[in-house]
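# Understanding the architecture of this molecule
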Amino acid sequence: DVPRLAAGTASVLALDTAGSVWSWGANDEAQLGVGDIVDRVTPTAVAGLRGVIDLAIGRSHALAVDVRGRVWGWGEPVS
């Protein structure tokens, strides 16, 4: 397995080989999934996500899909 990255406008998600998600960058809409709206300059684990197989991130929201097909989303709601 190769780690994956998803880049948004000013935020990044990374998926490690264990299926954990890490995030950093702008976080004004909670798009990093770390429970606050503080920007991060170093990768921070997104708590509670295990077995993730794919990622996507936009300007103010993020999505993850796990091995069971569940979709997880956080940040500003998309309308």
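It should be noted that the structure appears before, not after, this text.
Just so it is clear, the model here is predicted, and its values are computed rather than measured. (Residues numbered from 1 in each chain as written. Predicted model: local features only at pLDDT ≥ 70, side-chain atom pairs only at ≥ 80, totals over all residues. Heavy atoms only, no water.)

Turning our attention to the sheet that holds strand S5 (residues 52-57). If you walk across this open sheet you meet the three strands as S5-S6-S7, and the pairing is antiparallel. In this open sheet, the two edge strands, each paired with only one partner strand, are S5 and strand S7 (71-75). Between one strand axis and the next, the sheet turns through 15 degrees on average, direction left out of account. The pairing of strand S6 (residues 61-66) with S7 spans five bridges and is antiparallel. If you follow alanine 64 over to S7, its bridge partner there is tryptophan 72. (Pairing = 2+ DSSP bridges. Helix = DSSP H or I, 4+ residues; strand = E, 2+ residues; numbered from the N terminus. Axes fitted to C-alpha atoms, helices over the stretch in contact; angles between N-to-C directions.)

With respect to the secondary-structure elements, alanine 47 resides in the loop between strand S4 (40-45) and S5. According to the relative accessible area criterion, alanine 47 is exposed, its value standing at 68%. C-alpha separation for the pair alanine 47 and leucine 32, spaced 15 residues apart in sequence, amounts to 11 Å. (Buried < 20%, exposed > 50% of the residue type's maximum accessible area, 1.4 Å probe, protein only.)

This next bit is on the sheet that holds strand S1 (residues 4-7). Strand pairing in a sheet relies on backbone hydrogen bonds. The paired strands run either parallel or antiparallel. In space, the four strands of this open sheet follow the order S1-S2-S3-S4, with antiparallel pairing throughout. Both edges of this open sheet fall to S1 and S4, since each of them pairs with a single strand only. The mean inter-strand angle of the sheet, taken between neighbouring strand axes irrespective of direction, is 15 degrees. As defined by bridge partners, strand S3 (residues 21-25) adjoins S4 across three bridges and the pair is classed as antiparallel. Looking at the pairing, tryptophan 22 lines up with alanine 45 of S4.

Further remarks concern the environment of valine 71. Mapping valine 71 onto the fold places it in strand S7. In the structure, valine 71 is positioned 16 residues away from leucine 55 in sequence and 9.7 Å away in space, judged by C-alpha atoms. With near-sequence residues (within four places) excluded, valine 71 lies in contact with Leu63, Ala64 and Val65. (Contact = heavy atoms within 4.5 Å.)

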